[in-house]
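So you can see what is in the structure, the chains are spelled out below.
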Amino acid sequence: MSDSIFLYLKMKKRNLELYLHIPFCVRKCNYCDFFSASGTEEEQAAYVSALIQEIQSYQELSGEYEVQTIFLGGGTPSLLTPEQIEQIFDAIYHTFSVNENAEITMEMNPGTVDIEKLHAMKAAGVNRLSVGLQSAQNEELKMLGRIHTYEEFLETWKLTEQAGFKNRNIDLMSALPGQTIESYEDTLSKVLALEPEHISAYSLILEEGTVFYDWYEKGKLDRGAWKLPSEEEEYAMGELTIQRLAEAGMHRYEISNYAKPGKECRHNLGYWDRTEYLGIGAGSSSLIKGERFDHIRDRKAYIEKIRNGESILIDREILSVESQMEEFMYLGLRKVEGVSRTDFQNCFGKNVDDVYGKIFDKLEEEQLLEFSGDRIRLTHRGMDVSNCVLAEFLF
Ligand code: SF4
C-alpha cells in the first residue's frame with residue numbers, strides 16, 4: 001500500500017448522524033407518547049445549557065467522524081428561541097466536523113415560529129423543515145389536542161416559503177377518531193396543493209398512557225362523533241395515500257414516507273441502513289461502534305446530572321451479531337427497495353439465505369416478501385402488515 005493511500009485510509013472519517021432531542025411542547029397532544037411535556041422558559045434555558053455542555057463533551061469522539069445529517073426532533077424544537085438555536089449550532093460546529101452538504105432538519109409546529117426565528121434557523125444551517133400538521137380539518141385537529149388550526153398552519157407554511165426553505169416535510173395522520181375517507185381525501189388534496197417535497201403519513205396507533213388510550217378504554221372511540229374508522233376504512237385510507245401521492249409525483253420509499261425524487265429524508269434512510277448515530281439530550285438513543293446507549297428520560301435529572309458531571313446513561317448494550325442481523329433485516333425491510341444480499345454478506349460474512357432461508361420461504365409463499373436479483377423486499381401486501389412480517393426476523 002502506498003503511503004498516500006495509507007494516509008487517506010487513516011484520515012478517512014466514519015459517517016455519523018446527530019439527533020438532538022428537544023422535549024418541550026406547548027401542551028401534550030391527546031395521542032402522543034413521545035418523551036415531551038410543557039415547561040417554563042427557565043426550564044427550557046437550563047435544558048439548552050445542559051444540551052450544549054453535552055455536545056461539547058463529545059470533542060474526543062467527534063475526531064473520528066464526519067457528520068452527514070443533523071436532526072432536531074422532539075417535542076417541539078421550534079419552541080427554541082433564535083438565540084438558543086444559534087448557541088446549539090455554534091456548539092455543534094465547534095465540536096464536530098459537519099459535511100458541507102449535510103442535511104440539517106428541524107421539526108416544527110404551526111404557530112411556534114415567526115420570520116425572525118426561521119431566519120435564525122436558516123443562518124444556523126438548517127436546510128430541511130418537518131412541519132407537524134396531521135390533518136387539514138379543524139375539528140380533527142381540536143380532537144387531537146393540537147395547538148393550531150389549519151389556517152394557522154397555512155400562515156406558518158407561507159412564512160417557511162418566505163424564509164426560502166425548499167425542502168419541507170408535512171406530517172399527516174389517518175385512521176383518526178371521527179375521520180372519514182372523505183375528510184382524509186380532502187386533507188390529502190389540500191396538502192398536495194401546497195406541493196411539499198416530502199410527506200410522512202402515519203396511521204394512528206393507540207399508545208398506553210395517552211388521553212386517546214383512556215378514551216378507548218372507556219369506550220368513547222366505539223361510537224358517536226369520535227368513532228374510530230373500521231379496518232376496511234383504515235385500509236382504504238392507506239391505499240388512497242399511496243395512489244394520490246403517486247399521482248402527485250411522490251414515491252413511497254418507506255412504509256410511511258413519500259418524497260419527490262431526491263428529497264427522501266437522508267437522516268431516516270441512514271437510520272434504516274444502520275449508519276452510526278449519536279443521540280444528544282434527555283431520552284435520546286445512540287448507536288456507536290456496535291453499542292447502543294440510552295439517555296435518562298427525565299429533563300430535571302438530565303440537567304442536574306450534566307451539571308454535576310455524572311453519567312446520563314440508563315442503558316448500554318453491546319449488540320451481539322444476532323441483534324445486528326435482526327436490525328439489518330427489520331430496519332432495512334422498512335424501505336421499499338428492501339435490503340441487499342451483498343450488503344448482508346459484507347456486513348456479517350454470511351449468506352443471508354443460510355440465516356433466514358426458512359423464513360424467506362414461508363413469507364414468499366404467503367406473498368409477503370419478494371426477491372429480485374440482489375434485493376429482498378416486502379411486497380405491497382407485506383407493507384400492509386409490516387409489523388407482523390418484520391417480527392419474523394427476530395431470533
Ligand atoms: S407536538 Fe408532537 S411531540 Fe408535542 S405533544 Fe404533540 S405530537 Fe407529541
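Residues numbered from 1 in each chain as written. Predicted model: local features only at pLDDT ≥ 70, side-chain atom pairs only at ≥ 80, totals over all residues. Heavy atoms only, no water.

What about the environment of Val211?
Part 1 of the argument: Along the chain, Val211 falls in helix H9 (residues 211-217).
Part 2 of the argument: For the pair Val211 and Met329, spaced 118 residues apart in sequence, the C-alpha to C-alpha distance is 34 Å. (Helix = DSSP H or I, 4+ residues; strand = E, 2+ residues; numbered from the N terminus.)

A word on the side chain of Gln68
Part 1 of the argument: Along the chain, the position of Gln68 falls in strand E2 (residues 65-74).
Part 2 of the argument: Once you skip the residues sitting within four places of it in the chain, Gln68 turns out to touch Asn15, Leu16, Asn99, Ala102, Glu103 and Arg266. (Contact = heavy atoms within 4.5 Å.)

Some remarks on the pattern of salt bridges
Part 1 of the argument: Throughout the structure, instances matching the rule amount to 19 salt bridges.
Part 2 of the argument: The shortest N-O distance in the salt bridge between Arg299 and Glu43 comes to 3.3 Å. With Arg299 in helix H12 (residues 299-307) and Glu43 in helix H2 (residues 41-56), this residue pair connects regions lying 256 residues apart in the sequence.
Part 3 of the argument: Assessed through its relative accessible area of 12%, Arg299 is described here as buried.
Part 4 of the argument: On the basis of relative accessibility, which here comes to 35%, the residue Glu43 falls in the partly exposed class.
Part 5 of the argument: For the salt bridge of Glu161 with Arg168, the shortest nitrogen-to-oxygen distance reads 3.4 Å.
Part 6 of the argument: Because the salt bridges share partners, they merge into one network encompassing Asp273, Lys335, Glu337 and Arg375. (Salt bridge = Lys/Arg side-chain N within 4 Å of Asp/Glu carboxyl O. Buried < 20%, exposed > 50% of the residue type's maximum accessible area, 1.4 Å probe, protein only.)

A word on the site of the ligand
Part 1 of the argument: Around the ligand, the surrounding shell consists of Cys25, Arg27, Lys28, Cys29, Tyr31, Cys32, Phe34, Ser36, Gly75, Thr76, Asn109 and Arg146.
Part 2 of the argument: For the shell around the ligand, the per-class residue count stands at five nonpolar, four polar and three charged. (Near = heavy atom within 4 Å. Nonpolar A, V, L, I, M, F, W, Y, C, P; charged D, E, K, R; others polar.)

Observations regarding the packing of aromatic side chains
Part 1 of the argument: A complete count under the given rule lists 20 aromatic pairs for this structure.
Part 2 of the argument: When the centroid spacing of 5.4 Å and the interplanar angle of 35° are considered together, the rings of Phe212 and Trp215 count as tilted. Here the residue Phe212 and the residue Trp215 both occupy positions in helix H9, the gap between them amounting to three residues, near one helical turn.
Part 3 of the argument: In this structure Phe212 comes out as buried when scored by relative accessible area, which is 0%.
Part 4 of the argument: Accessibility expressed as a relative area gives 19% for Trp215, which makes it buried.
Part 5 of the argument: Members of the aromatic cluster, connected to one another through ring pairs, are Phe328, Phe344, Phe348, Tyr356, Phe360, Phe371, Phe393 and Phe395.
Part 6 of the argument: Directly above the ring of Phe165 sits Lys122, whose terminal nitrogen or CZ lies 5.6 Å from the centroid. (Phe/Tyr/Trp six-rings, centres within 6.5 Å; stacked < 30°, edge-to-face > 60°. Lys NZ or Arg CZ within 6 Å of the ring centre and 35° of its normal.)

Overview of the packing of helix H13 (residues 321-332) against helix H14 (residues 341-348)
Part 1 of the argument: Running from N to C, H13 and H14 cross one another at 160°; their axes reach a closest spacing of 11 Å. In this view, H13 runs roughly antiparallel relative to H14, as classed from their interaxial angle. Considering how the two elements wind past one another, H13 and H14 form a crossing that is right-handed. On the side of H13, the interface is formed by Val321, Gln324, Met325, Phe328 and Met329, while H14 contributes Asp343, Phe344, Cys347 and Phe348. (Axes fitted to C-alpha atoms, helices over the stretch in contact; angles between N-to-C directions. Parallel < 35°, antiparallel > 145°, perpendicular 65-115°, else oblique. Left-handed = near helix turned anticlockwise from the far one by under 90°.)

Regarding the pairing of strand E7 (residues 251-254)
Part 1 of the argument: Relative to strand E8 (residues 257-259), E7 runs antiparallel, the two being bridged by three bridges. Each residue of the ladder has a partner; that of Arg252, found in E8, is Tyr258.
Part 2 of the argument: Linking two consecutive strands that pair antiparallel, namely E7 and E8, is a turn of two residues. (Pairing = 2+ DSSP bridges.)

Topic: the environment of Thr187
Part 1 of the argument: Structurally, the position occupied by Thr187 is in helix H8 (residues 181-193).
Part 2 of the argument: Along the sequence, Thr187 and Thr149 sit 38 residues apart, while their C-alpha atoms lie 13 Å from each other.
Part 3 of the argument: When neighbours within four sequence positions are excluded, Thr187 is seen to be in contact with Ser135, Ala136, Gln137 and Leu172.

A look at the domain arrangement of the protein chain
Part 1 of the argument: With domains assigned, the protein chain is organised as domain 1 (13-272) and domain 2 (338-395).
Part 2 of the argument: Computed from C-alpha atoms alone, the centre-to-centre distance between domain 1 and domain 2 is 30 Å.
Part 3 of the argument: The partner domain 2 presents five residues to the five residues of domain 1 that form the contact.
Part 4 of the argument: The largest share of the area that domain 1 buries against domain 2 comes from Tyr235, Arg252 and Ile255, three residues that together contribute 73% of it. (Domains from an automatic or database assignment. Buried area = accessible area lost by both parts, 1.4 Å probe.)

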